[in-house]
Amino acid sequence: MSEEQKEEKESLNLFLSTQTVIKEALDKLGYSNSVYELLKEPIRMLKVRIPIKMDDGSVKVFTGFRSQHNDAVGPAKGGVRFHPEVSEEEVKALSIWMSLKCGIADLPYGGGKGGIICDPREMSFGELERLSRGYVRAISQIVGPAKDIPAPDVYTNSQIMAWMMDEYSRLREFDSPGFITGKPLVLGGSQGRETATARGVTICVEEAAKAKGIDIQGARVIVQGFGNAGSYLAKFMKEAGALVVGISDAHGALYDPNGLDIDYLLERRDSFGTVTNLFKNIITNKELLEQECDILVPAAISNQITADNAHQIKASIVVEAANGPTTLEATKILTERGVLLVPDILASAGGVTVSYFEWVQNNQGYYWSEEEVAQKLQKVMVDSFKNIYQTSQGHQVDMRLAAYMVGIRKAAEASRFRGWV
Ligand code: GLU
């Protein structure tokens, strides 16, 4: 099977397994099959072709997507990823996940997600700007501050959000900071947005440790991935008194039972999160997952913990900071082994939560301090964790199914009240 076919299959699996758990969750909650029929697919999926003048004078036509899962609760919300392997199936599945995340954090949104098939690592600044603006022009009819609000995701950042906001504002002929979140502070971004996902994961790690009776002080933590989420997380874990014994990037992993020098690693990482290339004694990502630790945080890519290695995981807590790092089979194995697994749609909800705060600040034109944002985020994450933990205990289901139950309830209920189902 070629790499491309493999990617396609993985995206399809991601989509199908999402549908499986949604069905299970709706059944547990007692909803009829028509509710599942509505929520198993996005209500809207736009595919666009974007012609861009490249620096060498040639024209390249890029393919982009925007998927809106459900807008019964409120406007759609979710990031835009720039990646060579992004596909329609993946964007669809991720838009459903955004509905779940918004439901879990109790935000007044439905889920959305966008993507462009491109490799930003091989594009110039000018090409990226033209592509970002071209994407907004292509999807402008279905997005807007009260329709669908994009945000950063894999390989997109605040600069890209700034170009997109500027393009949208020019099209509409009025300044529209609420069109997009994750903007630079001077353009209406929120304090604390950049570190929000990692903060949210940190709060989940702390809550999970409490539930398991593990003291964070001195707890051994492995973080797989050193991108935006992974690197800040390693920093916050260290600040909380934990011992970060392992980290990794796309090229390999570092493990030291006595703890790694996180400050040094943070200083030396490049903007794509690469740092292990500076070292000789590296191990593989796969080996890292099986090393001794108390808490394991997969913060890189999907399908890392599978039926093949779930028995070898030593951690008693796994917190999923990445999207879909654990397969459904592996979830079952870990749960049976007594490992507390905090699912991705809960652990990574901090990003969209602070995006919501950013949108609220834009709408009211009044801005909050970093402490205010941190306090509000803390409350949302702790409440969400407790709600899902209690649902899991009360219904005797694993944390993933509990998270789906909590996450899908609002979309189901709102669709029912609107008379759609
Ligand atoms: N892309 C992030 C996520 O998947 C953030 C989305 C947002 O801020 O709207 O949760």
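Along each chain, numbering runs from 1 in the same order as the chain's sequence is written. Predicted model: local features are reported for residues with pLDDT of at least 70 only, side-chain atom pairs are reported and counted for 80 or more only, and whole-chain, interface and lining totals are derived from all residues. Side-chain measures were taken over the full set of non-hydrogen atoms in the model, leaving aside hydrogen atoms and water.

1. A short note on the packing of aromatic side chains
Part 1 of the argument: The rule is short: rings of Phe, Tyr and Trp, with Trp giving its six-membered ring, pair when the centres are within 6.5 Å, and they are stacked under 30 degrees, edge-to-face over 60, tilted in between. Evaluated as defined, the whole model comprises nine aromatic pairs.
Part 2 of the argument: Plain terms: the ring middles of Tyr168 and Phe179 are 4.1 Å apart, the flat faces sit at 5° to each other, and that makes the pair stacked. Highlighted residues: Tyr168 in helix H5 (residues 158-172) and Phe179 in the loop between H5 and helix H6 (196-212), separated in sequence by 11 residues. The two residues Tyr168 and Phe179 agree in class, both being buried.
Part 3 of the argument: Taken together through their ring pairs, the aromatic side chains of Tyr109, Tyr356, Phe357, Trp359 and Trp368 make up a single cluster.
Part 4 of the argument: Geometrically, a charge over a ring is one whose NZ (Lys) or CZ (Arg) sits within 6 Å of the ring centre while staying within 35 degrees of the ring normal. Residue placement shows Lys376 over the ring face of Trp368; its charged tip is 4.5 Å from the ring centre. Helix numbers and strand numbers start at the N terminus; a helix is a DSSP run of H or I with at least 4 residues, a strand a run of E with at least 2. When a residue's accessible area, from a 1.4 Å probe over protein chains only, is under 20% of the maximum for its type it is buried; when over 50% it is exposed; and in between it is partly exposed.

2. A few points about the environment of Ser190
Part 1 of the argument: Here Ser190 is to be found in the loop between H5 and H6.
Part 2 of the argument: Each C-alpha atom of the pair Ser190 and Met165 lies 15 Å from the other, and the pair is 25 residues apart in sequence.
Part 3 of the argument: Apart from the residues within four sequence positions on either side, Ser190 is in contact with Leu185, Val354, Glu358, Gln361 and Val373. Pairs of residues are marked as contacts when any of their non-hydrogen atoms sit within 4.5 Å.

3. Notes on the sheet that holds strand S9 (residues 295-298)
Part 1 of the argument: Only when DSSP finds a minimum of two bridges between them are two strands counted as paired. Pairing is mixed across the open sheet formed by six strands, whose spatial order is S8-S7-S6-S9-S10-S11. The sheet is open, and its two edges are formed by strand S8 (252-255) and strand S11 (340-342), each paired on a single side. Direction aside, neighbouring strands of the sheet carry axes that sit 15° apart on average.
Part 2 of the argument: Examined bridge by bridge, S9 and strand S10 (residues 317-319) share two bridges and lie parallel to one another. Counted as the bridge partner of Ile295 is Ile317 from S10. Orientation is described by axes fitted as lines to C-alpha atoms, over the contacting stretch for helices, and by angles from 0 to 180 degrees between their N-to-C directions.

4. Regarding the site of the ligand
Part 1 of the argument: Close contacts around the ligand come from 13 residues, with Lys77, Lys101, Pro152, Asp153 and Ser355 the closest.
Part 2 of the argument: Between an oxygen atom of the ligand and a side-chain N or O atom of Lys77, the distance comes to 2.8 Å.
Part 3 of the argument: Arg193 places a side-chain nitrogen or oxygen 3.0 Å from an oxygen atom of the ligand.
Part 4 of the argument: Per-residue and other accessible areas follow the Shrake-Rupley method at a 1.4 Å probe size, with only the shown protein chains counted as cover for residues. Protein coverage of the free-state accessible area of the ligand, which is 290 Å², stands at 93%.
Part 5 of the argument: Residues that form the shell around the ligand fall into these classes: four nonpolar, four polar and five charged. What makes a residue near a molecule or strand is one non-hydrogen atom of that residue sitting within 4 Å of it. We define a polar contact as two N or O atoms separated by no more than 3.5 Å, with the added condition that, inside protein, one atom must be a possible hydrogen donor and the other a possible acceptor, whereas residues neighbouring each other in sequence contribute only through side-chain atom pairs. In this classification, Asp, Glu, Lys and Arg are treated as charged, Ala, Val, Leu, Ile, Met, Phe, Trp, Tyr, Cys and Pro as nonpolar, and every other residue, Gly included, as polar.

5. Remarks on the pairing of strand S4 (residues 110-117)
Part 1 of the argument: Most of S4 sits out of view: seven of its eight residues are buried.
Part 2 of the argument: As defined by bridge partners, strand S2 (residues 59-68) adjoins S4 across five bridges and the pair is classed as antiparallel. Bridging across to S4, Ser67 finds its partner in Lys113.
Part 3 of the argument: With six bridges connecting them, strand S3 (residues 76-83) and S4 associate as parallel partners. Opposite Ala76, over in S4, you have Gly110 as the bridge partner.
Part 4 of the argument: Remark: the S3/helix H3 (residues 88-104)/S4 crossover connection has right-handed handedness. The handedness of a crossover follows from its direction of travel: if, with the strands pointing away from the viewer, the path from the first strand over the helix to the second runs clockwise, the crossover is right-handed.

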